[in-house]
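Listed below, chain by chain, are the residues.
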Amino acid sequence: MASWKRDFASGLIILVPILVTVVVLAWIYNRLTQVPIPVESEPTRALLSIVIFVLLVFSVGYLMRTAVGSVLERALDDMINQLPGLRVIYNASKMAVETALSGTSDLQAPVRLEVWDGLRMTAFKTGKQTADGRHILFLPTAPNITSGFVIEVEEDRYEEIDDSVEQALTRILSAGFGEEDENRGDRSVREILDVGGESPTAASAEEATVDEAADTASAESTADAAAGAEPDPDSDPNSGA
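The model shown is predicted, which means the values in this text are computed figures rather than measured ones.

Definitions and cut-offs
Residues numbered from 1 in each chain as written. Predicted model: local features only at pLDDT ≥ 70, side-chain atom pairs only at ≥ 80, totals over all residues. Heavy atoms only, no water. Helix = DSSP H or I, 4+ residues; strand = E, 2+ residues; numbered from the N terminus. Buried < 20%, exposed > 50% of the residue type's maximum accessible area, 1.4 Å probe, protein only. Contact = heavy atoms within 4.5 Å. Areas by Shrake-Rupley, 256 points an atom, 1.4 Å probe, with all protein chains shown as cover. Pairing = 2+ DSSP bridges. Axes fitted to C-alpha atoms, helices over the stretch in contact; angles between N-to-C directions. Polar contact = N/O pair within 3.5 Å; in protein donor to acceptor, adjacent residues only side chain to side chain.

Caption draft 1: Quick peek at the overall build of the chain. Across its full length, the chain holds seven helices and seven strands. Start at the N end of the chain and walk to the C end: the helices and strands fall as α-α-α-α-β-β-β-β-β-α-β-β-α-α. Counting the 241 residues in the chain, one finds 16% classified as buried. For the chain, the share of sequence-separated contacts (at least 6 apart) that also reach a separation of at least 24 residues comes to 33%. If you sum the accessible surface of the chain, you get close to 18100 Å²; carbon and sulfur atoms cover 61% of it.

The following block contains the structure:
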């Protein structure tokens, strides 16, 4: 019973992300084909939309490197921040994009923070401190690391760990299922789903070894019993008469 459940869950883990990706790509393609470009072919219209968007992104990025771009960005931020409601969406989306595109280079060494007795959480040092000397840490949420908490703690309230930034982020993004083994690499889907933490192949091999040892012991016991039942060749067969 447990075997078919494990196989079904393994299939879902592989197929569901693929289906979601296909649905998202299909939705994006349908939206790109609706862009008002005077081209009859839908694939060509979608391709031209992507090219125009990429050129627009590069143009705006190049403009932001100039003094005029900096002035325009501050003016746009000031204008949006004066609009109630929209400023929340604007600032949140801007922060999310900046966090997603900055990668892991801006994150310092990961640390473990004990928030309650016996309960620890993974956070990252930002390299910043408050006026009173507290260290500013970023505590991301799982599995979305673009959201989290900015906390101010004393230096003795956390401890540094040997994990790299990539290893800590893998643990958070995978909700704890992405722990790496130095000898074997990432755990497979079947090993993650197996309750005992042992792969089905290893479990079957172990069961076969136990059965083989039991059969060997049983055969040795039978041979010893048969040997004990044989008569002694040195004894006199008429001694009992």
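Back to the write-up after that little detour.
Caption draft 2: Molecular detail of the pairing of strand β2 (residues 119–129). Note: strand β1 (residues 110–116) against β2, six bridges, orientation antiparallel. Looking at β2, one finds that L113 is bridged to M121. The antiparallel pairing of β1 with β2 creates a hairpin that spans two residues between the two strands, and G118 there sits at a positive phi of about 80°. Across four bridges, the pairing between β2 and strand β3 (residues 135–140) is antiparallel. By the bridge assignment, Q129 is partnered in β3 with H135. From the end of β2 to the start of β3, which pair antiparallel, there are five residues, and G133 there has a positive phi angle of about 95°.

Caption draft 3: Focus on the sheet that holds β2. Pairing in this open sheet of five strands is antiparallel, and the strands run β4-β3-β2-β1-β5 from one edge to the other. Strand pairing shows two members of the sheet lacking a second neighbour, β4 (148–153) and β5 (158–160), which therefore form its edges. Each strand axis lies, on average, 40° off the axis of its neighbour in the sheet, ignoring direction. Summarising the sheet, β1 and β5 pair through three bridges and their orientation is antiparallel. Across the sheet, V111 pairs through a bridge with E160, a residue of β5. Lying over the sheet, helix α5 (residues 165–173) contacts β1, β2 and β3, oriented at roughly 135° with respect to β2.

Caption draft 4: Representation of the side chain of H135. With respect to the helices, strands and loops of the structure, H135 is situated in strand β3. Taking relative accessible area as the criterion, H135 reaches 12% and is therefore assigned buried. At 3.2 Å, the side chain of H135 and the side chain of Q129 are in polar contact. Excluding residues within four positions of it along the chain, H135 makes contact with K128, Q129, I151, E152, V153, E155 and Y158.

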